[in-house]
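# A look at the structure
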Amino acid sequence: MNVEELKKHANHVRQNAIRAVYSAQSGHPGGSLSSADILTYLYFEVMDINAENVGSIDRDRFVLSKGHITPGYYSVLAEKGFIPQEDITTFRKFGSKLQGHPNMNYIEAVDMSTGSLGQGVSTAVGMAMANKLDGNKHHIFTLLGDGECQEGEVWEAAMAASHYKLDNITFMVDCNHLQIDGEVEKVMNVYPLDKKFEGFGFEVVKANGHDFEAIKNAFDYALSVKRKPAVILWNTVKGKGVSFMEDQAGWHGKAPNEEQFKQAMKDLGGDE
Amino acid sequence: MAKEATRAAYGKALAELVQENENVVVLDADLAGSTKTAEAKKVCPERHFDMGIAEGNMMAVAAGMAASHKIPYASAFAVFATGRAYDQIRNSICYPNLNVKVCATHAGLTVGEDGASHQSLEDIALMRALPNMKVFQPCDGVEARAIVKAVADIDGPCYVRLGRLAVDTVNDPDTYKYEFGKGIVMKKGAKVAIIATGMMVQEALKAAEQLDFDPTVININTIKPIDKDLIIETAKTHDAIVTVEEHNVIGGLGGAVAEVLADQKERCPQYMMGVKDEFGQSGTPAALLDAYGLDAAHIAEFIQKL
């Protein structure tokens, strides 16, 4: 797929993410927009997931450790055809499979139920360990927030991934530098993340999470690492693509009103 | 009477299980020698994973392994397994209903000298309140072995509560058969029914011998789902029920029995023996059971005064 096609998919993912949050009048747009390009590339170009193998574990798997960015995650799954597009507006509503945080028992393509920060990454490590045991050659990917790295469990998981030399897992951190209460560096500084992950025995890759050439190169390199785990630190902008949401901590978990929704769709070149 | 700790029986059963079932994997948090999972490591080192002193990560790793069709047995001391890793058990194991067996040892006061920080008196309450979780507590080595094997075939999250102290073997290893969700009438009597779990079953049996009448003694080895029919029938046919557990009286076996009886019209009163909403302390197991009123002599004395 060429860069233009990828951009088109990612833009549609952003539109659906905003549509989901607007429709629910709740949810997390900021991190959904910052990770939209990374997740689009992951699902369209990297993972070997398709309609035939989606119900099996004999394929690559992804754990959304930052489980709150379901608007973006569900929109990527819808873009791939694993969730009906029309279901996007049922997000967070009673009776919907599109729960506020992902439930693996409701949606076949969701590989783990998450929501409590720090846990998804541990479950991904468990999957990678099981794959090693079984000689299953498929890869495990997990996406964390930079704020999430304040959870001690992230480092317990990193320690285990390194101890067991898991080269079949890729950690990814959406480094948008913002969390609910403000700037990550001011709330509780977790940086420098590169030195911390290096100290934990990881191969560290840093890349622009909004440039598809850079995203491709980062994945190519991370997947070539042997005998140790790799982490990609994605440099991203929270709220990317919507003018008034960009770099604003206030849009971590807030829904737009009608006027803001229209403006967001206009920014994203949508038809609403 | 032969004595065996339920954790010792766990180690032996697990060593057999890893050889019988290739999907079984074992996780421990630097306590393999104490929880006895080292027995499984001896015979199958490639499926025994030491996760270090990091219980939260261990439980969520177990969830990821279960999502990969493994049957993980994850062990630590009960206080850390259920307390420190509660959120992981709740959100990564129980919410997705994954097939993890949390086998926690060193439960209750009889941990002894390590004292209150290591004596789990709340774990039944914590685990019982979680949807999808099933809760077990064997009374002796024979029952522990049977339950440890049985939970491998019970789909979904299971919590097995095990003890440190060597306890009397009250079941006959040749005839014992575990039935999921069924209480066992150890001794059929009248007037008072003692409903006990774990090592309190042996104390209840000893107490029964000290009384001037023959009470009924019931062993509840599956605390959730609990044997409602047996409890309701017992409440109809006795003058009093006394629940006995090595756990806080809040939320444990006594609470579970009270929940069953709450809406029953034809029932006798229920009295709860257990730790009265306080922490433990250091001491020998015998000194602690005496101090907290949970040995046979105290149980008999309490019942005699009813």
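Criteria and thresholds
- Residues numbered from 1 in each chain as written.
- Chains lettered and ligands numbered in written order.
- Predicted model: local features only at pLDDT ≥ 70, side-chain atom pairs only at ≥ 80, totals over all residues.
- Heavy atoms only, no water.
- Helix = DSSP H or I, 4+ residues; strand = E, 2+ residues; numbered from the N terminus.
- Buried < 20%, exposed > 50% of the residue type's maximum accessible area, 1.4 Å probe, protein only.
- Areas by Shrake-Rupley, 256 points an atom, 1.4 Å probe, with all protein chains shown as cover.
- Lys, Arg positive; Asp, Glu negative; His and termini not counted.
- Charge placed at Lys NZ, Arg CZ, Asp CG, Glu CD.
- Core = buried A, V, L, I, M, F, W, Y, C linked by side-chain atoms within 4.5 Å.
- Domains from an automatic or database assignment.
- Contact = heavy atoms within 4.5 Å.
- UniProt positions renumbered as here; feature names shortened; annotations may be inferred.
- Pairing = 2+ DSSP bridges.
- Axes fitted to C-alpha atoms, helices over the stretch in contact; angles between N-to-C directions.
- Buried area = accessible area lost by both parts, 1.4 Å probe.
- Salt bridge = Lys/Arg side-chain N within 4 Å of Asp/Glu carboxyl O.
- Polar contact = N/O pair within 3.5 Å; in protein donor to acceptor, adjacent residues only side chain to side chain.
- Nonpolar A, V, L, I, M, F, W, Y, C, P; charged D, E, K, R; others polar.
- pLDDT = per-residue confidence, 0-100.
- 1 Å grid on protein atoms, 1.4 Å probe; cavity = no way out; pocket = protein on both sides within 12 Å on 5 of 7 lines; lining within 4 Å.
- Points joined across faces, edges and corners; volume = space filled by probe spheres on them.

### Examining the overall build of chain B
Across its full length, chain B holds 13 helices and 14 strands. Projected onto its principal axes, the C-alpha coordinates of chain B cover approximately 55 × 40 × 40 Å. In chain B, buried positions account for 63% of the 306 residues. By element, 49% of the accessible surface of chain B is carried by carbon and sulfur atoms, the whole surface being about 11200 Å². Of note, chain B has its 30 positive side-chain charges centred 3 Å away from the centre of its 41 negative side-chain charges.

### Re the nonpolar core
A:F62, A:F171, A:F197 and A:F219 are the most contacted members of the largest nonpolar core, which has 128 residues in total. No other element matches helix α3 (residues 36-46) of chain A, which puts eight residues into this core. Viewed by domain, this core spans two of them, domain 1 (4-167) and domain 2 (184-305) of chain B, each represented by three or more residues. Discounting chain neighbours no more than four positions away, the residues touching A:F197 are A:W155, A:A158, A:F171, A:V173, A:F202, A:V204, A:V231 and A:L233. Residues B:V192, B:A196, B:A208 and B:I299 belong to the second largest nonpolar core, which totals 30 residues.

### Quick notes on the environment of A:A24
Residues and elements named next belong to chain A. Note that A24 resides in helix α1 (residues 3-24). For the pair A24 and K93, spaced 69 residues apart in the sequence, the C-alpha separation amounts to 6.6 Å. Every residue in contact with A24, bar those within four places of it in the chain, is listed here: F91 and R92.

### Remarks on the UniProt feature "domain: Transketolase-like pyrimidine-binding" (unreviewed entry) in chain B
Sequence positions flagged by UniProt for "domain: Transketolase-like pyrimidine-binding" (unreviewed entry) are, in local numbering, residues 4-169 of chain B. Helix makes up 42% of residues 4-169 of chain B and strand 19%, whereas the separation of the span's terminal C-alpha atoms amounts to 7 Å.

### A few points about the sheet that holds strand β3 (residues 169-175) of chain A
Residues and elements named next belong to chain A. Here we have five strands laid out as an open sheet, ordered β1-β2-β3-β7-β6, and parallel in their pairing. In the strand order of this sheet, the two ends are held by β1 (61-64) and β6 (203-208), each with one partner. Along the sheet, successive strands turn relative to each other by an average axial angle of 20 degrees, direction set aside. Note: strand β2 (residues 140-145) against β3, six bridges, orientation parallel. If you follow L144 over to β3, its bridge partner there is V173. Strands in contact with helix α5 (residues 119-134) are β1, β2 and β3; relative to β2, the strand with the most contacts, it is inclined by about 165 degrees.

### Things to note about helix α10 (residues 228-237) of chain B
Of all the positions in α10(B), only B:L230, B:I231, B:I232, B:T234 and B:A235 are classed as buried. At its buried positions, α10(B) is contacted by β9 (184-187), β10 (192-196), β11 (216-219), β13 (240-248) and α11 (253-261) of chain B.

### Here we look at the interface of chain A and chain B
Listed per partner, the contact involves 25 residues of chain A and 26 residues of chain B. Summed over both partners, the interface of chain A with chain B comes to about 2000 Å²; 59% of that surface belongs to carbon and sulfur atoms. Summed over the shared surface of chain A and chain B, the result is one salt bridge. Of the charged contacts, one joins B:K70 and A:D134 as a salt bridge, the two residues approaching to 2.5 Å between their closest N and O atoms. At the boundary of chain A with chain B, the tally comes to 12 residue pairs in polar contact (both at pLDDT 80 or more). Classifying every residue of the side of chain A that touches chain B gives 12 nonpolar, nine polar and four charged.

### Quick look at the side chain of B:R7
Residue and element names in this part refer to chain B. Positionally, R7 belongs in helix α1 (residues 6-20). Although R7 is buried, it makes no salt bridge; D114 carries the closest opposite charge, 9.4 Å away. Within the local environment of R7, its side chain forms a polar contact with the backbone oxygen of S34, the two atoms lying 2.9 Å apart. In this structure R7 touches S34, T35, K36, T105, H106, L162, G163 and R164, once residues within four positions along its chain are discounted.

### Things to note about the domain arrangement of chain B
When the parts of a complex come together, some accessible area is lost, and that lost area is often taken as the interface size. Residues and elements named next belong to chain B. Assigned domains of chain B: these are domain 1 (4-167) and domain 2 (184-305). Between domain 1 and domain 2, the C-alpha centre-to-centre distance is 25 Å. In this complex, domain 1 contributes 31 residues to the contact, which on the side of domain 2 involves 37 residues. Of the roughly 2500 Å² buried between domain 1 and domain 2 on both sides combined, carbon and sulfur atoms contribute 57%. Along the contact surface separating domain 1 from domain 2 lie 22 residue pairs in polar contact (both at pLDDT 80 or more). Among the secondary structure elements, those contributing two or more residues to the side of domain 1 that touches domain 2 are α7 (123-128), β6 (134-136) and α8 (141-150). Among the elements that take part in the side of domain 1 that touches domain 2, α7 stands out by supplying four residues, more than any other.

### Quick word on the UniProt feature "domain: Transketolase N-terminal" (unreviewed entry) in chain A
UniProt's feature table lists "domain: Transketolase N-terminal" (unreviewed entry) at residues 8-270 of chain A, given in the numbering used throughout. For residues 8-270 of chain A, helix accounts for 41% and strand for 13%, while the C-alpha atoms at its two ends are 11 Å apart.

### Quick word on the confidence of the model for chain B
Residues with a pLDDT of 70 or more make up 100% of chain B, whose mean pLDDT is 98. Model confidence for the complex is summarised by a pTM of 0.97, with the ipTM given as 0.96.

### A closer look at empty space enclosed by the protein
Residue and element names in this part refer to chain B. For the structure shown, the criterion picks out one cavity of 30 Å³ or more. Considered as a void within the structure, the largest cavity measures approximately 110 Å³ in volume. Lining the largest cavity are 14 residues; nearest its centre among them are T6, L162, G163, M199 and E246. Tallied by class, residues from the lining of the largest cavity come to seven nonpolar, five polar and two charged. Two domains share the lining of the largest cavity, each providing at least three of its residues, namely domain 1 (4-167) and domain 2 (184-305).

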